[in-house]
Amino acid sequence: MDFNKLSDILFPRIEKTPADYESMFPARGIPGDAKVTRLGPSPTGFIHLGNLYGAFVDERLAHQSGGVFYLRIEDTDDKRYVEGAVDTIIDSLDFFDIHFDEGAGKDGDTGDYGPYYQSSRGPLYQCFVKELVRKGLAYPCFMTEEEIGEIRTSQEAGKETPGIYGSYAQSRGLTLEQVQAALDAGKSYVMRLRSGGDPKDPAEIKVEDGIRGTLTMPENFQDVVILKANGIPTYHFAHACDDHFMRTTHVVRGEEWLSSLPIHVELFEKLGFDLPIYCHTGVLMKLDENGNKRKLSKRKDPELALDFYKEKGYHPQAVREYLLTVLNSNYEEWRTANPDLPCEDFPFTIEKMSTSGALFDLNKLNDVSKDTLVRIPADELAGFLRSWAAEYRPELSDILSDDMLLKILDLGRDGKKPRKDFICASQMFDFI
RNA sequence: GGUCCCAUGGUCAAGUGGUCAAGACGCAGCCCUCUCAAGGCUGAAUCACGAGUUCGACUCUCGUUGGGACUACCA
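Residues numbered from 1 in each chain as written. Chains lettered and ligands numbered in written order. Predicted model: local features only at pLDDT ≥ 70, side-chain atom pairs only at ≥ 80, totals over all residues. Heavy atoms only, no water.

Quick look at a negative patch on the surface
(1) Moving on: Residues Glu145, Glu146, Glu147 and Glu150 make up a contiguous surface patch of negative charge.
(2) Moving on: Note on placement: glutamate 145 falls in helix α6 (residues 145–157).
(3) Moving on: Overall, the relative accessible area of 71% leaves glutamate 145 in the exposed class. (Patch = residues over 30% accessible without salt bridge, like charges linked within 9 Å, V, L, I, M, F, W, Y side chains within 5 Å. Areas by Shrake-Rupley, 256 points an atom, 1.4 Å probe, with all protein chains shown as cover. Salt bridge = Lys/Arg side-chain N within 4 Å of Asp/Glu carboxyl O. Lys, Arg positive; Asp, Glu negative; His and termini not counted. Charge placed at Lys NZ, Arg CZ, Asp CG, Glu CD. Helix = DSSP H or I, 4+ residues; strand = E, 2+ residues; numbered from the N terminus. Buried < 20%, exposed > 50% of the residue type's maximum accessible area, 1.4 Å probe, protein only.)

Considering the nonpolar core
(1) Moving on: If you look at the biggest cluster of nonpolar residues, it comprises 98 residues, and the most contacted ones within it are Phe128, Ile226 and Phe237.
(2) Moving on: The biggest single contributor to this core is helix α3 (residues 49–64), with eight residues.
(3) Moving on: In this structure phenylalanine 128 touches Pro18, Tyr21, Phe237, Cys241, Phe245, Leu271 and Phe273, once residues within four positions along its chain are discounted.
(4) Moving on: Among the nonpolar cores identified, the runner-up in size contains 15 residues, and Ala382, Trp388, Ala389 and Phe429 belong to it. (Core = buried A, V, L, I, M, F, W, Y, C linked by side-chain atoms within 4.5 Å. Contact = heavy atoms within 4.5 Å.)

Examining the protein's contact with RNA strand B
(1) Moving on: Near RNA strand B, the surroundings consist of 43 residues, among which Arg152, Arg212, Lys228, Arg419 and Lys420 are the closest.
(2) Moving on: For RNA strand B, the backbone portion of the atoms within 4 Å of the protein, that is sugar and phosphate, comes to 76%.
(3) Moving on: Between RNA strand B and threonine 76, the relevant distance is 2.6 Å, taken from a phosphate oxygen to a side-chain nitrogen or oxygen of the residue.
(4) Moving on: Side-chain polar atom of lysine 228 to a phosphate oxygen of RNA strand B: 2.7 Å apart, as the coordinates give it. (Near = heavy atom within 4 Å. Polar contact = N/O pair within 3.5 Å; in protein donor to acceptor, adjacent residues only side chain to side chain.)

Comments concerning the sheet that holds strand β1 (residues 36–39)
(1) Moving on: The strand order across the open sheet built from three strands is β1-β2-β3, with neighbouring strands paired in parallel fashion. The open sheet has two edge strands, β1 and β3 (102–103), and neither has a second partner.
(2) Moving on: Bridge count for β1 against strand β2 (residues 68–71) is four bridges, and the pairing is parallel. When the bridges of β2 are listed, valine 36 appears paired with valine 68.
(3) Moving on: Each of β1 and β2 touches α3; the most contacted strand, β1, lies at about 160 degrees to it. (Pairing = 2+ DSSP bridges. Axes fitted to C-alpha atoms, helices over the stretch in contact; angles between N-to-C directions.)

Some points on the side chain of arginine 335
(1) Moving on: The topology assignment puts arginine 335 in helix α12 (residues 331–337).
(2) Moving on: The residues touching arginine 335, leaving out its near neighbours within four places in the chain, are Glu321, Asp340, Leu341, Pro342, Cys343 and Arg375.

Structural notes on the packing of aromatic side chains
(1) Moving on: With the rule as written, the count across this model stands at 21 aromatic pairs.
(2) Moving on: Judged by centre distance (5.0 Å) and plane angle (85 degrees), the rings of phenylalanine 95 and phenylalanine 96 are edge-to-face.
(3) Moving on: By relative accessible area, which is 24% here, phenylalanine 95 ends up partly exposed.
(4) Moving on: For phenylalanine 96, a relative accessible area of 2% translates into the label buried.
(5) Moving on: Ring plane angle 65 degrees and centroid distance 5.4 Å describe the contact between tryptophan 334 and phenylalanine 346, whose orientation is recorded as edge-to-face. Of this pair, tryptophan 334 sits in helix α12 while phenylalanine 346 sits in the loop between α12 and α13 (362–375), and the two are 12 residues apart along the sequence. Pair check on accessibility: tryptophan 334 and phenylalanine 346 agree, each one buried.
(6) Moving on: One aromatic cluster is present, formed by Tyr21, Phe25, Tyr113, Phe128, Phe245, Phe268 and Phe273 through successive ring pairs.
(7) Moving on: A cation sits over an aromatic face here: lysine 310 above phenylalanine 95, 4.9 Å from the ring centre. (Phe/Tyr/Trp six-rings, centres within 6.5 Å; stacked < 30°, edge-to-face > 60°. Lys NZ or Arg CZ within 6 Å of the ring centre and 35° of its normal.)

Some thoughts on the confidence of the model for chain A
(1) Moving on: Looking at chain A, the pLDDT average stands at 87 and 91% of residues meet or exceed 70.
(2) Moving on: When the elements of chain A are averaged for pLDDT, strand β12 (residues 293–295) gives the smallest value, 62, and helix α8 (residues 235–245) the largest, 97.
(3) Moving on: As scored by the predictor, the complex reaches a pTM of 0.90 and an ipTM of 0.86. (pLDDT = per-residue confidence, 0-100.)

What to know about the packing of helix α5 (residues 122–134) against α8
(1) Moving on: With their axes 10 Å apart at the nearest point, α5 and α8 run at an angle of 110 degrees to one another. On the basis of their axis angle, the class for α5 and α8 is roughly perpendicular. Side by side, α5 and α8 meet where Leu124, Tyr125, Phe128, Val129 and Leu132 of the first sit next to Phe237, Ala238, Cys241, Asp242 and Phe245 of the second.
(2) Moving on: Of the residues assigned to the contact of α5 with α8, the class counts are nine nonpolar, no polar and one charged. (Parallel < 35°, antiparallel > 145°, perpendicular 65-115°, else oblique. Nonpolar A, V, L, I, M, F, W, Y, C, P; charged D, E, K, R; others polar.)

Here we look at the side chain of arginine 253
(1) Moving on: The topology assignment puts arginine 253 in strand β9 (residues 250–254).
(2) Moving on: As a buried residue without a salt bridge, arginine 253 has its nearest oppositely charged side chain in aspartate 243, at a separation of 6.5 Å.
(3) Moving on: A distance of 3.4 Å separates polar atoms of two side chains, one belonging to arginine 253 and the other to tyrosine 235.
(4) Moving on: Setting aside anything within four residues of it in sequence, one finds arginine 253 in contact with Tyr235, His239, Leu261, His264, Tyr278, Cys279, His280 and Thr281.

So, the pairing of β1
(1) Moving on: Covered by surrounding structure in β1 are Val36 and Arg38 together with Thr37 and Leu39, the residues of both alternating faces.
(2) Moving on: After leaving β1, the chain enters α3 and then returns to the sheet as β2, a path that is right-handed. (Right-handed = clockwise from strand over helix to strand, strands pointing away.)

Overview of the pairing of strand β4 (residues 138–141)
(1) Moving on: Burial of β4 is two-sided: the residues Ala138 and Pro140 facing one way and the residues Tyr139 and Cys141 facing the other way are all buried.
(2) Moving on: In the sheet, β4 pairs with strand β5 (residues 190–193) via four bridges, with the strands oriented antiparallel. Note that in β5 the partner of cysteine 141 across the bridge is valine 190.

Below you can see the structure in the form of structure tokens.
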């Protein structure tokens, strides 16, 4: 098989070489210990507490080290796009005082490592798929959905690992002529990785996780899809290319990604990229009706939506403080010792992060909130209340004068033992 | 089913072979107080289970159980 020829047949329009991209996106000119992190939401417009949790880690890691925190929109699934989602994401995080240094923005991209929408990075992805094909590490797969489905059912019946690998990867051995014929016939196809893993006896791989330490897993042996039939890359492939060329140093993501880590390891290796440092966080949990922990779900748990806190009128700073107590167990101790320092001064470390899913605790949030609000000057708080009321209780905002608001807020706040009545704006106004 | 992750009170957790097993939230009681919110004091409550290693295991190893994630041309 002439892989060079195959790659030209498949990607005739790709002119750039990997080396071109390497020089287009050189290493960032930042100090050696500075961290580059990113938030990579899919543009569904739904941003939840888990996103904020992760974003907070990213933001702290980058800004604490003098690095860069950027926003990349992972819109490789065209079915999911929701209009205006990017603005929502930026605004929501902005409300909680999390700001991006570069990446997708409300008025277009900023930064030298773009474009920051995966949907605009097609040529780059294709260049690297082409390169893999040239090296015999990727191939077009013409199997139909039905064929794959049949293989799966037979695999399940035979208690084998489902998937396309080894001898099940029927398109692996296609000749150039067969590929050409299938192409001429207008058959739809995906691009698959030709995995080097051994399905019968997968080798053990070890990855150092920033939070969890050494992870041991079996190597990948699946010929995973890297380019879908529509030419758009899968998350796995886009992740490898993007985080390499955007020079991400730390990839913070939820533990649900743990099981696809072997795929990423093989992809980075085959592409010749250095692996970033992965930081797999625990997932926020909740106690269900039966007393079991379960992942917060956006349908059943209103407190998962960021808007929940906004509507309730929790001060963003309170939510930040709460998240920090969940994020780093030694934060509360630090806060007690340094009641007046901004929380940015806290030396956040990934090593101190919990590996198991933390349970969301509204009681704790309320308590943290009381303490936080007491530290915020009355006039600032009045401004917060006013803008909150304007949005959620317009009928009230006329009744209260600034003067009155200030007086109410100032009640008993002085002295060594300030009053701590207030938790959130809605509660305050209910009271009034 | 397979693979991987996780396991200290109701919750968040400290702890890395020898501790009376921190601390915080919540809960109960008492004190302070005109009332409430705070604050102070006190209390109930935890190492999932079973083997092993060891003079000694919450800590190390192996099993078991339980919970979770993944197992897509979704991220």
